[in-house]
Amino acid sequence: MLNAGSHPDLLVLEPPEPGKAIRVEAVRELIDFLNLTPQYGDQKVAIILASESMNRHAANSLLKTLEEPPGHSQLILVSQQPALLPVTIRSRCQKLELTPYTGERTENWLREQLADPQADAGLLLAVSGNAPLIACELAGERGLSLRNRLVDDLVALTDQRADAVSMADQWNKAGALAVYTWLYRLCCDLVRYRLLGSEAVANRDLQQQLSHLTAGRSLRQVIDYYDLVIKNYYLLTGPYSPNSGVLLEDFILHWQGIVENRKS
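Read on for an overview of the structure. Within every chain, residues take consecutive numbers counted from 1 along the sequence as written. The predicted origin of the model limits local features to residues at a pLDDT of at least 70 and limits the giving and counting of side-chain atom pairs to 80 or more, whereas totals for whole chains, interfaces and linings rest on all residues. Side-chain figures throughout are based on the complete set of non-hydrogen atoms in the structure, without hydrogens or water.

A few words now on the packing of aromatic side chains. What counts as a ring pair is set by centres within 6.5 Å for rings of Phe, Tyr and Trp (its six-membered ring), and what kind of pair is set by the plane angle: stacked under 30 degrees, edge-to-face over 60, tilted for all other angles. According to the stated counting rule, one finds 4 aromatic pairs in the structure shown. Arranged with centres 4.5 Å apart and planes meeting at 20°, the rings of Tyr225 and Trp255 form a pair that is stacked. One end of the pair, Tyr225, is in helix 11 (residues 219-236); the other, Trp255, is in helix 12 (residues 244-263), and 30 residues separate them in sequence. Buried means the residue's accessible area, taken with a 1.4 Å probe over protein chains only, is under 20% of the maximum for its type, while exposed means over 50%, and partly exposed covers the values in between. Looking at Tyr225, the relative accessible area reads 0%, which means it is buried. Helix and strand definitions follow DSSP, with helices as H or I runs of at least four residues and strands as E runs of at least two, each counted in order from the N terminus.

This is the structure we're talking about:
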């Protein structure tokens, strides 16, 4: 029954598709499931994959269950990016950190899964945070194209060769949540590059661009980018349905403002 996905005491919740949020209706169904009596054992198990994808309303609806779970229930939240989970969620969970296996076996396994023999399995693993299933997704049809486009756009903004409003519109068409997920990864690398140098970055094929983007910027400034990405990600997945184009434009204008201040 587990293999068939039909076990009555197990519920696995995940985003409806990559880049989409887990909505409150799905979390309410999960809560109702946990409150039912187990059918085959003494426990019911609910697993939320990519739990950072819960929008704010969904996360808030889960708080009471996290505080006072039914006695026969186990609730597991899985996240490759736990910093994107609300503090209220993280503070109510027992944290179990699983160190990714980064050995040769993982890279060999990934190469076997990739349709393109020229794909850089090591790079895909590094960019995905050594998560091989996410690395497989990054090797798909869209691959790293969105990442490359965002980096080119940031370079254009740095060189004052781009219009903020039109760029925000293009990013919004690509999917605001997907864009902010990549901005999170890129801003992590900006901090690493500024703090530790080029050898510490995950996007190792973008060292020239990262050098250009961090040139003349202090560590405090690149941390500001990271903080803004986290804040706007929370707003984007929150219960109030903000204008995603405005949130994207906010990041772009913030970036432009620092560039202009640096040159003034």
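So that's the structure; there's more coming.
A few words now on the nonpolar core. Here, the term nonpolar core denotes a set of buried Ala, Val, Leu, Ile, Met, Phe, Trp, Tyr and Cys residues that are joined through side-chain atoms within 4.5 Å. Core analysis: the largest hydrophobic core is formed by 55 residues, its most contacted members being Trp171, Tyr180 and Phe251. Elements represented by at least two residues in this core include exactly helix 5 (121-127), helix 6 (132-138), helix 7 (145-158), helix 8 (164-174), helix 9 (176-196), helix 10 (207-214), helix 11 and helix 12. The element that contributes the greatest number of residues to this core is helix 9, accounting for 14 residues. What makes two residues a contact is simply this: any of their non-hydrogen atoms within 4.5 Å. Ignoring any residue separated from it by four or fewer positions in sequence, one finds Trp171 in contact with Arg149, Leu150, Asp153, Leu154, Ala176, Val179, Leu183, Leu248, Phe251 and Ile252. Counting 18 residues, the second largest nonpolar core, distinct from the first, contains Ile48, Ala59, Leu66 and Leu85.

We now examine the pattern of salt bridges. Note on definitions: salt bridges are taken to be side-chain nitrogens of Lys or Arg within 4 Å of carboxyl oxygens of Asp or Glu. Going through the model one piece at a time under the given rule, you end up with 12 salt bridges. We note a salt bridge from Glu25 to Arg23, for which the minimum N-O separation is 3.8 Å. Overall, Glu25 belongs to the partly exposed group, its relative accessible area being 43%. A salt bridge links Arg204 to Asp120; its shortest N-O distance comes to 3.1 Å. With Arg204 in the loop between helix 9 and helix 10 and Asp120 in the loop between helix 4 (104-113) and helix 5, this residue pair connects regions lying 84 residues apart in the sequence. In this structure Asp120 comes out as partly exposed when scored by relative accessible area, which is 38%. Connected via shared salt-bridge partners are Arg220, Asp224 and Asp227.

Right, let's talk about the environment of Leu75 for a bit. Take Leu75: it is sitting in strand 3 (residues 73-77). Exposure remark for Leu75: the relative accessible area of 24% places this residue in the partly exposed category. Once the C-alpha coordinates of Leu75 and Ile47 are considered, the two residues, 28 residues apart in sequence, prove to be 6.0 Å apart. Here Leu75 is in contact with Leu30, Leu34, Ala46, Ile48, Leu62 and Leu66, once residues within four sequence places are set aside.

For the rest of this paragraph, the subject is the pairing of strand 2 (residues 44-48). Along strand 2, 4 of the 5 residues are buried, which leaves the element largely enclosed by surrounding structure. Relative to strand 2, strand 1 (residues 10-13) is paired through 4 bridges, and the arrangement is parallel. Looking at strand 2, one finds that Leu10 is bridged to Val45. Two strands make a pair as long as DSSP finds a minimum of two bridges between them. Here strand 2 runs beside strand 3; their pairing, made up of 5 bridges, is parallel. Opposite Val45, over in strand 3, you have Gln74 as the bridge partner.

Moving on, we get to the environment of Ile230. Looking at the element boundaries, Ile230 is found in helix 11. For Ile230 and Leu85, which are 145 residues apart along the polypeptide, the C-alpha to C-alpha distance reads 9.5 Å. Beyond its immediate chain neighbours, meaning those up to four positions away, Ile230 contacts Ala83, Leu84 and Tyr184.

Here we come to the environment of Thr237. Looking at the element boundaries, Thr237 is found in the loop between helix 11 and helix 12. For the pair Thr237 and Tyr101, spaced 136 residues apart in the sequence, the C-alpha separation amounts to 30 Å. In contact with Thr237, other than residues within four places in its own chain, are Met54, Asn55, Arg56, His57 and Leu177.

The next thing to look at is the side chain of Ser51. As for its position among the elements, Ser51 is in the loop between strand 2 and helix 2 (56-67). Relative accessible area serves as the criterion here: at 0%, Ser51 is assigned to the buried category. Setting aside residues up to four positions removed in sequence, Ser51 forms contacts with Leu77, Val78, Ser79 and Leu85.

We note that Asn130 has phi near 60°; this positive angle belongs to a residue other than glycine. Residue position: Asn130 is located in the loop between helix 5 and helix 6. The partly exposed category is assigned to Asn130, whose relative accessible area is 28%. Of note in this structure, Gln160 is not a glycine but carries a positive phi near 55°. Tracing the backbone shows Gln160 in the loop between helix 7 and helix 8.

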